[in-house]
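# Structural characterization, general
These are the residues of each chain, in order.
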Amino acid sequence: MKHYNIPIFINHVGCPNSCVFCSQEKINGMETDIKPIEVKNIIEEYLEYLPKKSTIEVAFFGGTFTGISFGLQREYLEVVKPFIDKGLVHGIRLSTRPDCIDNKILEQLKKFGVTAIELGVQSLNQKVLDLTERNYPVEAVEKAVALIKRFDIDVGIQLMLGLPGTTEELDFETAKRTVELKPTMARIYPTLVLSGTKMEKMYNEGIYTPYSLEEAVKVGKKVYSLLELNDIKVIRVGLQPSEDLREEGVIVAGPFHSAFRELIEGEIYLDFIQSLILLENNKNFIEVYSNEKNISKIIGINGVNKKKLGDKFFVKIDKNLNLNEILINGKKYGRKDILKRILV
Ligand code: SF4
């Protein structure tokens, strides 16, 4: 059954912090906070056009949901509960900070039907967390993940690549530690410098340099491959640009690409095919068969892989292959074979 989120952005409410990269209003495309009563209207509007036979969750994103007062959290949850009781909504998911989770909060969330909590972890390196002014120890993440799991709620981990003080190696280390935490899902965002943030100042003063797009893809494909190989569902790669984010001057610097995931997927296939060419250097052609849905990833954005691999590279559709299979010069490879090669 298809899954849909009804997104409700709670803009910066409850957040006592000021992380150097944060420009919440611009990310959400909203300036003001939302009242619990407005949540009801949004849900009703979405339910009017979402297909009946689908899994629907109300998603409180944007701010630090569990950082708002206990009573206000309850007010938001109470609005959703009747929709869950009637079977119109199947659960609630929300995003929050790792240091805003405790037993009392989780008891309430569970009671009102929260099924998934996404933690804005960003990095699992203490130096990087400190330079980013996240203001919590790495242990807070481990503690929060363990607590959430105890309540049988799915855990998501959001990671940012290229934060102040990091390196490609440290970002990959964070990915390895994420695997040890065994979340259900993850999101990967390359760090962008947005106007009006502390990071913009750091960038202008030369204290901070974001990844180039090439660097972000290079580390991103390793992080992505490692998570997927360990059965962590990567539900988003790269920031979804709101209208405001696309406005001139909002993104000051950084590896922005509107199809960052596709870039990474394309590079994963390119690396794999190139490694086979190296292994089979006596072959004078490379013929790839794949399920129709993977063709665009194999040839890359704007056919970049095709251009790089030259005229001895042929890609053809084979409807009998499933999404996780690819046939190269007569030999079948699975998705895991492809991802493993990225980590060599
Ligand atoms: S905790 Fe989240 S909302 Fe608060 S400043 Fe940091 S990124 Fe922004």
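Residues numbered from 1 in each chain as written. Predicted model: local features only at pLDDT ≥ 70, side-chain atom pairs only at ≥ 80, totals over all residues.

### Examining the overall build of the protein
Using the following cut-off: The helix and strand labels rest on DSSP assignments: H or I over at least four residues marks a helix, E over at least two residues marks a strand, and numbering proceeds from the N terminus. In this description the radius of gyration comes from C-alpha coordinates, and the expected globular size is given by 2.2 Å times residues to the power 0.38. The burial criterion counts other C-beta atoms lying within 10 Å of a residue's C-beta, which is placed from the backbone; the residue is buried at 20 or more, exposed at 12 or fewer, and partly exposed between these limits. We call two residues in contact when their backbone-placed C-beta atoms lie within 7 Å.
Of regular secondary structure, the protein possesses 13 helices and 13 strands. By the compact-globule yardstick of 20 Å for 344 residues, the protein fits well, its C-alpha radius of gyration being 22 Å. Dimensions of the protein, computed from the C-alpha atoms along their principal axes, are close to 70 × 55 × 40 Å. Looking at the protein as a whole, 39% of its 344 residues are labelled buried. Taking the contacts inside the protein whose residues are at least 6 apart along the sequence as the reference set, 78% of them involve residues at least 24 apart.

### Digging into the sheet that holds strand β6 (residues 185–190)
Here is the rule: Only strands joined by at least two bridges in the DSSP assignment are considered to pair. Only the stretch in contact is used when a helix axis is fitted, and all axes are lines through C-alpha atoms; the angle between N-to-C directions ranges over 0 to 180 degrees.
Spatial ordering of the open sheet is given by β1-β2-β3-β4-β5-β6-β8, a layout of seven strands whose pairing is parallel. Sheet topology places β1 (3–9) and β8 (233–237) at the edges, where each strand pairs with a single neighbour. If you compare each strand with its neighbour and ignore which way they point, the axes differ by 20° on average. Pairing between strand β2 (residues 55–61) and strand β3 (residues 91–96): four bridges, direction parallel. Bridging from a neighbouring strand, Val58 pairs with Ile92 of β3. Taken strand by strand, helix α9 (residues 213–229) contacts β5 (154–161), β6 and β8, and its axis lies near 175° from that of β6.

### Some points on unusual backbone geometry
Positive phi, normally seen in glycine, also occurs at Asn135, with a value near 65°. Turning to its location among the elements, Asn135 is positioned in the loop between α5 (126–131) and α6 (138–150). On the basis of neighbour count, Asn135 is assigned to the partly exposed category, with 14 C-beta atoms found within 10 Å. Even without being a glycine, Asn302 presents a positive backbone phi close to 55°. Residue position: Asn302 is located in the loop between α11 (295–299) and α12 (304–309).

### Details of the domain arrangement of the protein
Our working definition: Residue ranges assigned to each domain were obtained from an automatic or database domain assignment.
As far as domains go, the protein holds domain 1 (3–258) and domain 2 (264–342). A C-alpha centroid distance of 33 Å is found between domain 1 and domain 2. Contact residues are listed per partner, giving nine residues for domain 1 and seven residues for domain 2. Considering each element in turn, the side of domain 1 that touches domain 2 owes the most residues, eight residues, to α9.

### Observations regarding helix α3 (residues 70–85)
The α-helix advances 3.6 residues per turn, and as a result positions three or four apart in sequence lie on the same side. We count it as follows: One less than the residue count of a helix, multiplied by 1.5 Å, gives the span that helix is expected to have.
The terminal C-alpha atoms of α3, which comprises 16 residues, lie 22 Å apart, in line with the 22 Å expected from a rise of 1.5 Å per residue. Listed in full, the buried residues belonging to α3 are Gln73, Tyr76, Leu77, Val79, Val80 and Phe83. Packing partners of the buried residues in α3 comprise α2 (36–49), β2, β3 and α4 (103–111). The first or second residue beyond α3 is Gly87, which carries a positive phi of 80°.

### Details of the environment of Leu227
Its place among the elements puts Leu227 in helix α9. Given 24 C-beta atoms within a 10 Å radius, Leu227 is considered buried. Separated by 51 residues in the primary sequence, Leu227 and Lys176 place their C-alpha atoms 8.2 Å from one another. When neighbours within four sequence positions are excluded, Leu227 is seen to be in contact with Ala175, Thr178, Val179, Ala186, Ile232 and Val234.

### What about the sheet that holds strand β13 (residues 331–334)?
What the four strands build is an open sheet, ordered β11-β10-β12-β13; its pairing is mixed. Across the chains shown, the open sheet's two edge strands, defined by having one partner strand only, are β11 (313–317) and β13. In this sheet, adjacent strand axes meet at a mean angle of 25° when their direction is disregarded. Pairing of strand β10 (residues 286–290) with strand β12 (residues 325–328) involves three bridges; the strand directions are antiparallel.

### Some thoughts on helix α13 (residues 335–342)
Operational definition: By construction, the arc corresponds to the directions joining the helix axis to the C-beta atoms.
Inspection of α13 places Ile338, Leu339 and Ile342 among the buried residues, and these make up the whole buried set. The arc that holds every buried residue of α13, seen down its axis, measures 90°, which confines them to one face.

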